[in-house]
Structures are given as C-alpha cells and as structure tokens.
Amino acid sequence: MADDTSPPRSPSSPPSEPGGRHTDSSAHHDPDFLSAVRDDLADWRQWLARTVVLAFAVAAGLAVVLFTWVSDQAIEGFSTLRSWSPWAPLVWTPVCTAFLVWVTRRFIPGAAGSGIPQVMAALSPKVAPGQQGLFVSLKLSIAKLFLVSGGLLGGLAIGREGPSVQIAAGVMQHAQRWLPRRSPLNHDGLLVAGGAAGIAAAFNAPLAGVMFAIEELTRKIEQRSSGLIIAAIVLAGLMAVSVFGNASYFGRLRVDHLTWSHLLPGLLTAIGCGLAGGVFSRLLQRSLLGGNDRFSRWRARFPVRFAFACGLAIAVLGLVSHGATDGSGYDYTRGLVEGHLDLPLLYVTLRIVATWLAVWSGVPGGIFAPSLAIGAGIGSDIAQLTHTTEGAAAMIAIGMTAFLAAVTQAPVTAFIIVMEMVDGHSMVLSLMAAALLASLVSRWISVPIYHRLAQAQLARLPEPAEGAAPAATAPPPA
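Residues numbered from 1 in each chain as written. Predicted model: local features only at pLDDT ≥ 70, side-chain atom pairs only at ≥ 80, totals over all residues. Heavy atoms only, no water.

Undergrad: Just give me the short version of the packing of helix H11 (residues 294-301) against helix H12 (residues 303-320), but keep the residues and values in it.
TA: The axes of two packed helices give the description: the angle between them and the distance between them. Contact geometry of H11 with H12 gives a least axis separation of 5 Å together with a crossing angle of 120°. Here H11 lies oblique to H12, going by the angle between them. Across the interface between the two elements, Phe 295, Trp 298, Arg 299, Ala 300 and Arg 301 of H11 pack against Pro 303, Arg 305, Phe 306 and Ala 309 of H12. Along the lines of polarity and charge, the residues of the contact of H11 with H12 split into six nonpolar, no polar and three charged. (Axes fitted to C-alpha atoms, helices over the stretch in contact; angles between N-to-C directions. Helix = DSSP H or I, 4+ residues; strand = E, 2+ residues; numbered from the N terminus. Parallel < 35°, antiparallel > 145°, perpendicular 65-115°, else oblique. Contact = heavy atoms within 4.5 Å. Nonpolar A, V, L, I, M, F, W, Y, C, P; charged D, E, K, R; others polar.)

Undergrad: Go over the nonpolar core with me, naming the residues and quoting the values.
TA: Phe 135, Met 172, Phe 203, Phe 368, Met 400 and Leu 431 are the most contacted members of the largest nonpolar core, which totals 130 residues. A total of 13 residues in this core trace back to one element, the largest contributor, which is helix H16 (residues 392-408). Setting aside chain neighbours within four positions, we find Leu 431 in contact with Ala 397, Ile 398, Thr 401, Phe 415, Val 418, Met 419 and Val 422. (Core = buried A, V, L, I, M, F, W, Y, C linked by side-chain atoms within 4.5 Å. Buried < 20%, exposed > 50% of the residue type's maximum accessible area, 1.4 Å probe, protein only.)

Undergrad: Describe helix H13 (residues 330-337), and please don't skip the residues or the numbers.
TA: Regarding H13, the residues found buried are Tyr 330, Thr 333, Gly 335, Leu 336 and Val 337. Positive backbone phi, at 105°, marks Gly 339, one or two positions downstream of H13.

Undergrad: Any chance you could break down the side chain of Ser 439 for me, citing the residues and the numbers?
TA: One can find Ser 439 in helix H18 (residues 428-443). A relative accessible area of 3% places Ser 439 in the buried class. In this view, Ser 439 contacts Ala 405, Gln 409 and Pro 411; residues no more than four positions away in its chain are not counted.

Undergrad: Would you mind going over the packing of aromatic side chains in detail, with residue names and values included?
TA: Summed over all chains, the structure comprises ten aromatic pairs. On the basis of an interplanar angle of 90° and a centroid distance of 5.6 Å, the ring pair of Trp 102 and Phe 107 is categorised as edge-to-face. Residue classification places Phe 107 among the partly exposed positions, given a relative accessible area of 47%. Here the aromatic cluster, defined as three or more aromatic residues joined through ring pairs, consists of Phe 295, Trp 298, Phe 306, Trp 356 and Trp 360. Just above the ring of Phe 107 sits the side chain of Arg 106; from NZ or CZ to the centre is 5.2 Å. Above the face of the Phe 302 ring, Arg 305 is positioned so that its terminal group lies 4.3 Å from the ring centre. (Phe/Tyr/Trp six-rings, centres within 6.5 Å; stacked < 30°, edge-to-face > 60°. Lys NZ or Arg CZ within 6 Å of the ring centre and 35° of its normal.)

Undergrad: Summarise the environment of Phe 295; cite the residues concerned and give the values.
TA: Looking at the secondary structure, you find Phe 295 in helix H11. Residue class for Phe 295 comes out partly exposed when judged on its relative accessible area of 48%. In this structure, Phe 295 is in contact with Phe 306 and Trp 360, ignoring residues within four places of it in sequence.

Below, the structure is given as structure tokens:
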C-alpha cells in the first residue's frame, strides 16, 4: 500500500523508477544537433587522443607488415639453403636454434614464446604500471621481430601470427606517453587495441582482430573507448591490406555447395581435430611448464643444449619428409587450399612433432600457422578416407577451423580467420559449428593454453620484498 504521508511529487520533478530511484529526464530527449557537435569539437584533448591512437595504430600495422616481409625473406632464405644442400639443415638448424635460445634467455627473456601470454599477463591487475615492460615494450617488439624471423630462417615449425600480437601491442602501448590527460583510452585499452591489431594485420582480417580482443585479451571493452579501439584495429588491418592486397595469406577456398553427404565427414573432422588439438595443447603446456621428468630437468639445467637437440631432431624430420615439416607450413597449407591433395606420408603426425619440438626448444614463435597447417592436413586426410574428394575443400576448411579452435580454445576467432579464406557463404554455419564443437571437445582434455601460460608469465614478477627490480635469473616458461 502506498504511504499516504509521502509528499506529492512536483510536476516538474523527474519521474521515479520503482524503488524510489529518479531517472534523468534528459535521457529520454533527442540530442540537440548543433549543441552536440559544438561540445564534441570543443574538447581538443579528446581529438588529440584520437589522433595519437590512430597514428600509433598505423605504426602498429606497419610494424606487422615489416615483420611479415622480414619473415618471408627468412623463409625464402632457408628454402635457398635446402635447395643448395638437403643435408645443410642438419648443421644449420640446431646451431640456429641453440643460438636463438641463448640470446633470448640471456638478454631478452620477455620475448620468449608466442607473445600472446605476455600481453595477457600485462593486462593482469597483479602487474603494476612500472612492471608492464617485463611483458610488452617497444624493445621487446623489435627483439621479437628478429628472433622469430631467425627461427624461420632456421627452418623451425613456428608461426608469426601470435608474435604479431606482442609486436603490435608493444608499438601501441608506446602511445601512452603522448596521450593527454582525461584520454578515453588507458594503458590497458592500448594493449588490447595493439594486440588485436596484430591479429588483424597478420591475417588481413580486421573482424578477427576485434573478436580476438573480446574473446582472448579482455572479456569486455569499455563503452567509452570501444569505438576508438575498433577503429584502431581496423586501421592496422588496412595497413596490411594496402600492402599485400585484400587476399588471405593462405589462399582462397572455393566451396560451391554442401550436401548431406558432407555431414558425417564434417563431424569426424571436427571431433578428430578437437581431440587432436586438445591433446596437442595439453602436450605443449606440460612441455613448457616443465615437470619432474628427465627431459624437463635437462631443459631447465641445460636450455641451450636442449635447444640444440630439438633443432637436430627438427632437421632430421625435415630430411625424412623432404622439407614438408620445415617452417610454418604456408606452402603446404596454400596448396591444400588450392586443391593439391598430394600430401607426404604421415604429414600431420610429423608436423605435429616438428611444431611441438620447435615450441619446446624455447625459440620465440607462435602456433597459429602450424595449427592451420595441421588442421588442413587432417581435413584432407579425412576427405580421402571417406571418399569425399569432391568436398575436400569443405573438409579442409572445417579442419583448419576446428584444430585452431581446439588448440587456442578461441572458437569465434578461429571461425572468423578461416571464414575470411572461404569464397562463398555456404560454409558459415558449418565453420561456426565445427569451431564450437572442437573447442568443447578440447576443453574436456586441456585448459586454455594462453591463459595458463599467462599465469606462468606472472611468476616472473619480482617478490614484494625485492622492490621493483625484475628478477633477471627467471626466464619465462613460454
């Protein structure tokens, strides 16, 4: 019953919500156009902040473009070496691997691994502003560019897409010193924008960068800065498009039409990739985080010798497979996408082992491109085993999506990345379903790899009693 003793509400007072709260009547009125434009243009600090952020977004995109060019030259350099002598990698690859691990652990421990865990760690509330340089900085971006390219020059099965996240984030966060006070974007927002810009520029897929920011780097984007973050991501992606053209780095998949005959092979591909991707993710985590086994103890005690042994094993795999396991697998993935299904025997198995050894060795590098190559191989194998060679392109697309979603447990990002390669809309729902199914299966086997490695990166933070000085003797596990 209403309280008869309450004072009557004035006709001019704002209406109240149930519970006694008052609402702002101006929220129900349309804005005055001239007044809104005048207020927006009058705040010069906001426009200066937007200009600085977008300028650094262009710089981040160009940094990824430069990284792409340098890594391509490194891949061609290794191909030239192999064509000169197929036996040369038996010496070159282990020496290169050992040298890169020594340089990383000795001088730049923050550049190890893929780079995505470092960006996620820098976004943690446990990290003070003065400690974020341990994980993301302009110096680490430059080092990452050359170290990953050096790994590709050595023929290691690593990718450049994950490292692009740390490189672009390092460039983007440098904008902090140029932003005015009351900027709509704080340091965390710059890291999110930079990391997502790295994915957008690496894959020529701005939408994938936006979803990666939401799905992996942060669970939400603040409304007041969301427009600026998305604009920065898109602008960085446009830098790659302006240089490399509006085409996927892995080629284009043409899928004409899907029928019910593709249902069973598609399910087998999605579930198989989910199982394999979950096991692969768990294997990588156990290897990088270490344990009490003999190999983990050897890796912890003699990291350079262990890297040399990994490099030698990778070179042997490349020799046995006639080069099929060398590098990121761009050529073989592009060949599968274009319809060339003549894969070497045990290609998927050998590439999984080569990628695992490359990551385990401690050389900086990512797993996006190798995962796409493995998924494409699984899809091609299942298409041939089920005699659906006419639908091989569909199985390859499903395999790439499902395996990447299973390894990263970022199904929406994986779906969008592969969707950019598919010439036709008939695969949209199939790829989305495959990504969600594979990610679900993978979660039964493994925890999300980047989140777990990000927690391990936080172990590099100095103890409170030691002050702000970083622990120089604690190299990152990934």
